[in-house]
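# A look at the structure
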Amino acid sequence: MTGTVTLPTWIFVVLLVLALWALLERLLVPGVRWYLRRKVNRVIRQINTRLNVELPQFKLTRRQALIDRLFHDSKVQDAIARECREKGLPREMVAARVDRYAREIVPAFNAYLYFGAGYWLGKTLAKMLYRVRLGYTDTQALAAVNPKSSVVFVMNHRSNMDYVLVAFLAAERVALSYAVGEWARVWPLQQLIRSMGAYFVRRKSGDPLYRLVLQRYVQMAVEAGVPQAVYPEGGLSADGRLRPPRLGLLDYMLKAFDPAGERDVVFIPVGINYDRVLEDRTLLLKLDAAAPRRGLLYATARTAAFVASNLWLMLTGRWHRFGYACVNFGKPLSMRDHVRRHGIDFRRLDDEERHREVERVGAQVMDAIARIVPVLPVSLVATVFLRNHDAGWSELELKSAAYDLILRLEKAGAHIYVPRGDLDYAIGVGLRMLLLRRIVVEEDGLYRASSAEAALLSYYANAIEPLVAAAGGLTAAQPASRAA
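Below is a short write-up of the structure. Because the structure is predicted, anything quoted here is derived from the model rather than measured. Within each chain, residues carry numbers counting from 1 in the order of the written sequence. Only residues with pLDDT of at least 70 get local features here, since the model is predicted, and only at 80 or more are side-chain atom pairs given and counted; chain-wide, interface and lining totals rely on the full set of residues. Hydrogens and waters are ignored; side-chain quantities use all the structure's heavy atoms.

Every case where a carboxyl oxygen of Asp or Glu lies within 4 Å of a side-chain nitrogen of Lys or Arg is listed as a salt bridge. The full count for this structure, using the stated rule, is 25 salt bridges. Close ionic contact of Arg 97 with Asp 207 constitutes a salt bridge, the shortest N to O distance being 3.0 Å. Of this pair, Arg 97 sits in helix α5 (residues 91–105) while Asp 207 sits in the loop between β4 (199–200) and α10 (208–223), placing them 110 residues apart in sequence. Among the residues examined, Arg 97 registers a relative accessible area of 17% and is labelled buried. Across the pair Arg 340 and Asp 337 runs a salt bridge, and its minimum N-O distance is 3.0 Å. With Arg 340 and Asp 337 both in helix α14 (residues 335–342) and three residues apart, the pair spans about one turn of that helix. Among the residues examined, Arg 340 registers a relative accessible area of 57% and is labelled exposed. When salt bridges with common partners are traced through the structure, they connect Glu 83, Lys 87, Arg 97 and Asp 207 into a single cluster. The numbering of helices and of strands both runs from the N terminus, where a helix is a DSSP run of H or I of at least 4 residues and a strand a run of E of at least 2. Each residue is assigned to one of three classes by its accessible area relative to the maximum for its type, calculated with a 1.4 Å probe on protein chains only: buried under 20%, partly exposed between the two thresholds, exposed over 50%.

Here it is, written out as structure tokens:
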């Protein structure tokens, strides 16, 4: 019993690895799970007592349970049977596809990550890059929303910073579930995004089976009262203007809407604007048909160069934040009121009629978003320069034209963010940002729009184009100081 056993080195290594694996699986992993579960439960208790946030049970349900529920949904099972019958495929093959779709879509919400690490990281990043402001909020109308309603925040899509900005500004009232495009399905970003409660959407998928699985998940989440956040435009605006809405997700939400049910569906329009959009030049390249199409490696290199350049400016004390970032929350649109007003029931309409009614809702939503976009200093000053792109403006003429535009925008109901409540300062901030980026140049005491940056100037003016149009458009007033 005390004899020595000699083993080959490779067997010893295998046994050592198996022993370490057993130790990890039986002792360390359960301990870590217990620790994290304790953290999550503590965060949930804090949320319930310190914040005015009620997490729907749906968000706290284990991910595997939600996947199983989605997979075994009667409509999904009917779709599996139909696919097998129509295409002559084995049920196991089609069921495996559905299971893959369900695992891809269903998030893994982690309250500790969302309200702990996620909130802190989002707040820190946003405030490091911008002077973040919560602008106009229709407080009375928002307070009147029934707490049992399924709330859907619908917003314009200016930048990928939108996700961070809106989530952290709304975090003291609600835990948002975002619909995120395929761009984010890369490791380890997709794991992080999924743990924040977001679900992935293949926007260009033509697979009816995938669309049905996605539809049923969205409907399950809405029926459970999970607050949603969607971008009706379906992607970032390349020219700064609002894009026509893509109505797929709205259609899913309304298709099964029961006006007499427990929950109303309420769309809350959100307007977002920035003095500087981080991706502005990259987005404008999409409008140039002659520009070469770059891949992921090029985009990564450009991003790294941008970060390195700004770090160098920080180290040398020459870095400035990218101006103001502002979010406005508008008047909610109740679907219960909408169907009552128009005498319809989405569930009883055929596809053509329902699509027509969803288009009507989509138009209302986009109009509400356009009216709630904040007017920020850069967009304001850029709009003034568009009056006469080739003219030279003295500082006095520029401020006079900006004051005139502000008055007309206010009369038209626009929401203008004026930093420090000082109009002179606001106009100065906008002008300084444009000068720093050489979108505007100064010559002999006159300010002119740079011809090389005409597209970028228009990009920032386009952010408030609907508001300017409602205020009577660009006036014919010209600066007195002209180029010879």
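Attention shifts here to the nonpolar core. Side-chain atoms within 4.5 Å link the members of a nonpolar core, which is a set of buried Ala, Val, Leu, Ile, Met, Phe, Trp, Tyr and Cys residues. The biggest cluster of nonpolar side chains holds 69 residues, and the ones touching the most others in it are Phe 153, Leu 165, Tyr 178, Phe 385 and Leu 409. Per element, the largest residue contribution to this core is seven residues, and it comes from helix α8 (residues 161–170). Formed by 53 residues, the second largest nonpolar core is a distinct cluster that contains Val 213, Tyr 217, Val 226 and Val 265.

The subject of this paragraph is unusual backbone geometry. Not every positive phi belongs to a glycine, and Arg 420 is a case in point at roughly 60°. As for its position among the elements, Arg 420 is in the loop between α17 (395–411) and α18 (423–436). Of note, Arg 438 is a non-glycine position whose phi angle comes to about 60°, a positive value. Here Arg 438 lies in the loop between α18 and β9 (440–443). On the basis of relative accessible area, Arg 438 is assigned to the exposed category, the value being 60%.

Turning next to a nonpolar patch on the surface. Judged by side-chain polarity, Leu 125, Met 128, Val 307, Leu 311 and Met 314 come together as a nonpolar surface patch covering roughly 400 Å² of accessible area. Looking at the nonpolar patch, the elements with two or more residues in it are α6 (111–129) and α13 (296–315). Ranked by the residues each element gives to the nonpolar patch, the list is headed by α13, at three residues. Overall, Met 128 belongs to the partly exposed group, its relative accessible area being 40%. Within this analysis, patches are made of residues with over 30% relative accessible area and no salt bridge. Like charges are joined at 9 Å or less; nonpolar side chains (Val, Leu, Ile, Met, Phe, Trp, Tyr) at 5 Å or less. Calculation of accessible area relied on Shrake-Rupley with a 1.4 Å probe; when residues are assessed, cover is drawn exclusively from the protein chains displayed.

With that settled, consider the pairing of strand β6 (residues 265–274). Counting buried positions along β6 gives ten out of ten residues, so the element sits mostly inside the fold. Neither face of β6 is left uncovered, since the one carrying Val 265, Phe 267, Pro 269, Gly 271 and Asn 273 and the one carrying Val 266, Ile 268, Val 270, Ile 272 and Tyr 274 both have all their residues buried. Being paired, for any two strands, means DSSP has found at least two bridges between them. For strand β2 (residues 150–155) and β6, the ladder comprises six bridges, and the chain directions are parallel. Bridge pairing in β6 links Met 155 to Val 270. With two bridges joining them, β6 and strand β8 (residues 333–334) adopt antiparallel strand pairing. Counted as the bridge partner of Phe 267 is Leu 333 from β8. Pairing of β6 with strand β7 (residues 324–329) involves five bridges; the strand directions are antiparallel. By the bridge assignment, Tyr 274 is partnered in β7 with Ala 325.

Now for the pairing of β7. Burial of β7 is extensive: six of the six residues sit out of reach of the surface. Across the two faces of β7 the burial is the same, with Tyr 324, Cys 326 and Asn 328 and Ala 325, Val 327 and Phe 329 all buried.

Let's shift gears to the side chain of Arg 437. Along the chain, Arg 437 falls in the loop between α18 and β9. With near-sequence residues (within four places) excluded, Arg 437 lies in contact with Arg 276, Asp 280, Arg 281, Leu 456 and Tyr 460. By the convention used here, residues are in contact when the closest approach between their heavy atoms is within 4.5 Å.

Here we take up the packing of aromatic side chains. Side-chain rings of Phe, Tyr and Trp, where Trp is taken by its six-membered ring, are said to pair if the distance between their centres is within 6.5 Å; with planes under 30 degrees apart they count as stacked, over 60 as edge-to-face, and otherwise as tilted. Inspection of every chain in the model, using the stated rule, returns nine aromatic pairs. Considering the side-chain rings of Tyr 101 and Tyr 210, the 5.3 Å spacing of their centres and the 80° angle between planes classify their relative orientation as edge-to-face. Of this pair, Tyr 101 sits in helix α5 while Tyr 210 is found in helix α10, placing the two residues 109 residues apart along the sequence. Residue classification places Tyr 101 among the buried positions, given a relative accessible area of 4%. For Tyr 210, a relative accessible area of 0% translates into the label buried. Taking 5.7 Å as the distance between ring centres and 70° as the angle between the ring planes, the aromatic pair formed by Trp 319 and Phe 322 counts as edge-to-face. With respect to burial, Trp 319 and Phe 322 carry one shared label: buried. Feature note: the residues Tyr 130, Tyr 274, Trp 319 and Phe 322 constitute an aromatic cluster, connected by ring pairs. In this structure, Arg 131 packs its charged tip against the face of Tyr 324, placed 5.8 Å from the ring centre. Think of it as a cone above the ring: NZ of Lys or CZ of Arg counts as a charge over the ring if it is within 6 Å of the ring centre and within 35 degrees of the ring normal.

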